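# Chains, contacts and geometry: an overview
Take a look at the letters that make up each chain.
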Amino acid sequence: MKPIIVQTTCSNKDEARKIAKILIEEKLAACIQMNEIESFYMWEDKFCNDDEILLTIKTKKENFKKIKSKIKELHSYDLPEIIGVDITNISKNYKKFIGDNT
């Protein structure tokens, strides 16, 4: 089992909670953290500055495609951020927790 973090941003807490709840209930993620952030980016040639909710999703690499599909299905953005990052350093017990809950 290869643990990863999947990151996505949402426009509001309700959307973020909905995505998090479904991913946990479907055992696609072991733990999800939600943080309020401020994002700066260019969209359609315009500078944007928005308050967003960042979801940090702990899971296993095998679940990435299913998580990506589920986020696209539930998300309000035309182009949601969906980034998978390998976890290279992790305690044995936390790795087991991710494996046991996904």
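Above this note sits the structure.
The structure reproduced in this document is the subject of the present report. (Residues numbered from 1 in each chain as written. Predicted model: local features only at pLDDT ≥ 70, side-chain atom pairs only at ≥ 80, totals over all residues. Heavy atoms only, no water.)

### Remarks on the pairing of strand E3 (residues 46-60)
Within a regular beta strand, the side chains point alternately toward one face of the sheet and then the other, so they alternate between its two faces. This is how it is decided: Pairing between two strands is assigned when DSSP locates at least 2 bridges connecting them. Only runs of H or I of at least four residues qualify as helices and only runs of E of at least two qualify as strands under DSSP, and these elements are numbered from the N terminus.
Of the pairings in the sheet, the one linking strand E1 (residues 3-10) to E3 comprises eight bridges and is antiparallel in character. Bridge pairing links Ile4 to Thr59 in E3. Here 13 bridges tie strand E2 (residues 31-43) to E3, and the two strands are oriented antiparallel to one another. Bridge assignment links Trp43 to a residue of E3, and that residue is Lys46. Linking two consecutive strands that pair antiparallel, namely E2 and E3, is a turn of two residues; a positive phi of about 50 degrees is found at Glu44 within it.

### With respect to the pattern of salt bridges
Two side chains carrying opposite charge are able to pair once their charged atoms lie near each other. As a reminder of what qualifies: Criterion for a salt bridge: a side-chain nitrogen of Lys or Arg within 4 Å of a carboxyl oxygen of Asp or Glu. For every residue, the accessible area (1.4 Å probe, protein chains only) is compared with the maximum for its type, and the residue is labelled buried under 20%, exposed over 50%, or partly exposed between those bounds.
On inspection of all chains with the given rule, the structure shows six salt bridges. A salt bridge links Glu36 to Lys13; the shortest N-O distance between them is 2.9 Å. A residue pair is termed long-range when its members are at least 10 positions apart, and Glu36 in strand E2 and Lys13 in helix H1 (residues 13-25) qualify at 23 residues. The exposure class assigned to Lys13 is partly exposed, which follows from its relative accessible area of 34%. As a salt-bridge pair, Lys61 and Asp86 come within 3.0 Å of each other at their nearest N and O atoms. One end of the pair, Lys61, is in the loop between E3 and helix H2 (64-74); the other, Asp86, is in strand E4 (residues 83-86), and 25 residues separate them in sequence.

Just geometry here; none of it tells us what the structure is for.
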